[in-house]
Amino acid sequence: SRFFSTAHDRVCPLFFFRLYCPRPRHLIRSEWTEAINLILVPTDADLPLVKKAKEQFLVSGDAAQCASETPPSIEKYLLQGIAQHGRTLNALQTLPRNLRQLYVHSYQSFLWNHIASRRVDELGVSARCAIPGDLYLPSVSNALLPSDIGNPIFLTSFCTSLPDDSICSEIARSPSPAYRPLPEPLIATVDNCHQIPLTNVVLPLPGYEVIFPNNQCECGFQWITHSKQWYVDLLKKDGLTLGDFRHRVKDFALPGSYRALLATPKDVTYHVTTYTDSNVPLIESDLQLLTRTESELTKRQPSSHETPEARSDQVEQALILQFYLPKSSYATMAIRELTKTVFERH
């Protein structure tokens, strides 16, 4: 109880959900055939009919026939595009715009994850403040842009809801997101770094409009420059440079953005309850909350220290947490840091 009562004072590392796979590298390098081939590689995560169509396409190469036997899906629309345009950029552009961008945004997140981990491991966070060369924003929660990584569940639903004959027209009608100028981060100096909380430190999602940190640390008798070079080295492994983010294809041109290195949960509340049936939800859905009357809600909700009466000898305890996180952070990461447990494995 004491541990959770101080949860609002804990700083939870903010790490992006990793969506990286090899195909974004090929998209940024304009290697359309290689990217398409990787999208159509059969995997165990595929639906049985989709996997069967992919396997058939690898053997026959007949995109039109395989598309006709594939249920509505990303693969179906891509196969239809291949039947019309071959394994080219035009075939990729039959996919919804948000999905095309999801691939390259996932590569940005892959790079950001590695840089954030290296920043924490090599330059430390124990001082809870910035170090010289860090980028920071005075009001980080208000200045950061919304996450530019699409929701894969939404995208799949969107794809499967499109009629076969309306794909291109639907994509053509898709509005481009309104342009928002990037925030302009400041650079921490030796004089002011101790006054800048670590939660104000940001790292760039790499792109052609962002600036990069220029941290330094002492190694023996010399100072070694870090951070920006880390991005350069990671890109070099994939045969890319920072200049490649200014892509000639608009959908794959990446201006970049900034993400906070750390995030602090706000408005943390909790209560411990008991249950006897693991199949019965412990919290009500939004629909249930909306349809209940005020008196029912008051009667239904237990206080922070109340627990419902057990109805059998097999009584289990559960902790119900409620908190607010800023943009582009994940509750699973906050809970994992809070409990120091990789609960996804259970």
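Relevant structure appears above.
These figures come from a predicted structure and were not determined experimentally.

A. Just the overall build of the protein chain, in detail. Tallying secondary structure elements over the protein chain gives 15 helices and 10 strands in all. At a minimum sequence separation of 6, the contacts of the protein chain that also span at least 24 residues come to 77%. Working note: accessible area of the protein chain is about 19900 Å², and carbon and sulfur atoms make up 53% of it.

B. Region of interest: unusual backbone geometry. Positive phi is not limited to glycine here, since Ser 30 has a value of about 60 degrees. Within the secondary structure layout, Ser 30 lies in the loop between α2 (23-28) and α3 (32-39). For Asp 267, which is not glycine, the phi torsion reads 50 degrees and is therefore positive. When you line up the elements, Asp 267 lands in strand β9 (residues 266-275).

C. Here's a closer look at the packing of aromatic side chains. Inspection of the entire model under this criterion finds 3 aromatic pairs. Plain terms: the ring middles of Trp 32 and Phe 252 are 5.8 Å apart, the flat faces sit at 35 degrees to each other, and that makes the pair tilted. Pair noted here: Trp 32 is in helix α3 and Phe 252 is in the loop between α12 (228-237) and β7 (257-260), with a separation of 220 residues, a long-range link. Aromatic pair Tyr 107 and Phe 110: ring centres 6.0 Å apart, planes at 20 degrees, arrangement stacked. Here Tyr 107 and its partner Phe 110 are both found in helix α8 (residues 97-123), 3 residues apart, which amounts to about one turn of the helix. The buried category is assigned to Tyr 107, whose relative accessible area is 0%. With relative accessibility at 17%, the residue Phe 110 sits in the buried group.

D. Spotlight on the state of the cysteines. Throughout the structure, instances matching the rule amount to 0 disulfides. With no disulfide of its own, Cys 129 has Cys 193 as its nearest cysteine by sulfur position, at a separation of 5.9 Å. Taking relative accessible area as the criterion, Cys 129 reaches 11% and is therefore assigned buried. A relative accessible area of 3% means that Cys 193 is categorised as buried.

E. Geometry of the nonpolar core. Membership of the largest hydrophobic core comes to 59 residues, with the highest contact counts inside it found for Leu 27, Leu 78, Leu 79 and Ile 82. For this core, the leading source of residues is α8, giving 11 residues. Residues lining this core come from more than one domain, with at least three contributed by each of domain 1 (31-94) and domain 2 (107-147 + 182-260). With residues up to four places along the chain from it excluded, the contact list for Leu 27 reads Trp 32, Ala 35, Leu 92, Tyr 103, Val 104, His 247 and Phe 252.

Reading the values: rules and limits
- Numbers given to residues run from 1 along each chain, matching the order in which its sequence is written.
- At least 70 in pLDDT is required for a residue's local features to be given in this predicted model, at least 80 for side-chain atom pairs to be given and counted, and no such filter applies to totals for whole chains, interfaces and linings, which use all residues.
- Side-chain metrics in this entry use all non-hydrogen atoms of the structure; hydrogen atoms and water are not considered.
- A run of H or I in DSSP counts as a helix once it spans at least four residues, and a run of E counts as a strand once it spans at least two, with each numbered from the N terminus.
- Throughout, a residue-residue contact means that at least one pair of heavy atoms, one from each residue, lies within 4.5 Å.
- Shrake-Rupley sampling with a 1.4 Å probe provides the accessible areas, and residues are treated as covered by the protein chains on show and by no other component.
- Pairing of aromatic rings covers Phe, Tyr and Trp, the last through its six-membered ring, and needs centres within 6.5 Å; plane angles under 30 degrees mean stacked, over 60 mean edge-to-face, and all others mean tilted.
- Per-residue accessibility, obtained with a 1.4 Å probe over protein chains only, is compared with the maximum for each type, and a residue is labelled buried under 20%, exposed over 50%, and partly exposed between these values.
- When two cysteine sulfur atoms are found within 2.5 Å, that pair is recorded as a disulfide.
- Here, nonpolar core refers to any group of buried Ala, Val, Leu, Ile, Met, Phe, Trp, Tyr and Cys residues whose side-chain atoms link them within 4.5 Å.
- The split into domains, and so the bounds of each, comes from an automatic or database assignment of domains.

The values are spatial; any link to function lies outside them.
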